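Spelled out from the first residue to the last, the chains are:
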Amino acid sequence: MSHFCPSILPEDPTPKDHQSCQECGLYTHRSRMVWGEGNPSASIMVVLDNPGAREDREGNPFLCGTRQTVQLAANEVNLKADEFYITYVLKRKPTRAYEKEKTRHICMRHLQDQLAEKKPDIILCLGNVAVQSFFKKPVAEVKTLRGSWHEIQGFKAAVAYHPLAVRRRPNLWPSFIEDWKLVADRFHRLEK
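The model shown is predicted, which means the values in this text are computed figures rather than measured ones. (Residues numbered from 1 in each chain as written. Predicted model: local features only at pLDDT ≥ 70, side-chain atom pairs only at ≥ 80, totals over all residues. Heavy atoms only, no water.)

(A) Structural view of unusual backbone geometry. Of note in this structure, arginine 30 is not a glycine but carries a positive phi near 65°. Relative to the elements of secondary structure, arginine 30 occurs in the loop between strand S1 (11–12) and strand S2 (36–38). (Helix = DSSP H or I, 4+ residues; strand = E, 2+ residues; numbered from the N terminus.)

Next up, the structure:
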């Protein structure tokens, strides 16, 4: 029996012209900007709300529950780590209250830049924040959109629950895997 072990994926460096961005105000939270991780040239782009915990209190690299769950699901549907790229609506982890709608709107410009540059074949939005931001629908919900393909901004997009929701509510795992399978099946057809 093989056991999959998630690992820390390589970070995609933040472009120099974005490193000092202060437009949204999250720089005051003292969290660093994270552009993305994994393979920047991958066909699959996974969009999450924010980078989450990346270092422990001593500053050592840390594999948070979100990233573990993403990698476990990808492995379950036979996707390798170099076949997807993870990025975020917010490029910094919020550490306290902030103006959510305004900040997400400002930060979506960075995601739009990534989409224009990377041109992924498939987008997988994880969680309501990513779905609402990418779909540009403030009331969109994963539970009503999951399980099918959507044409959004010229991209084929699927949605799934946020990995932390799946960790808190293990009964969501089968649905989470179904949605990852939807993405994996399309990806494997593209690769043929």
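Now that the structure has been shown, we can carry on.
(B) Seen up close, the packing of helix H2 (residues 100–118) against helix H3 (residues 128–135). Taken N-terminus to C-terminus, the directions of H2 and H3 make an angle of 75°; their axes are 10 Å apart at the nearest point. For the element pair H2 / H3, the angle class is roughly perpendicular. Listed contacts from H3 to Arg104, Met108, Leu111 and Leu115 of H2 are Val129, Ser133 and Phe134. (Axes fitted to C-alpha atoms, helices over the stretch in contact; angles between N-to-C directions. Parallel < 35°, antiparallel > 145°, perpendicular 65-115°, else oblique. Contact = heavy atoms within 4.5 Å.)

(C) The sheet that holds strand S3 (residues 44–48), seen in detail. Reading across the sheet, the 7 strands line up as S1-S2-S4-S3-S5-S7-S6 and stay open at both edges, with mixed pairing between neighbours. The open sheet has two free edges, formed respectively by S1 and strand S6 (150–152), since each of these has just one partner strand. In this structure, S3 lies alongside strand S5 (residues 122–126), joined through 4 bridges in parallel fashion. Looking at the pairing, valine 46 lines up with leucine 124 of S5. Relative to the sheet, helix H6 (residues 173–191) contacts S3, S5 and strand S7 (155–160), its axis offset from that of S5 by approximately 170°. (Pairing = 2+ DSSP bridges.)

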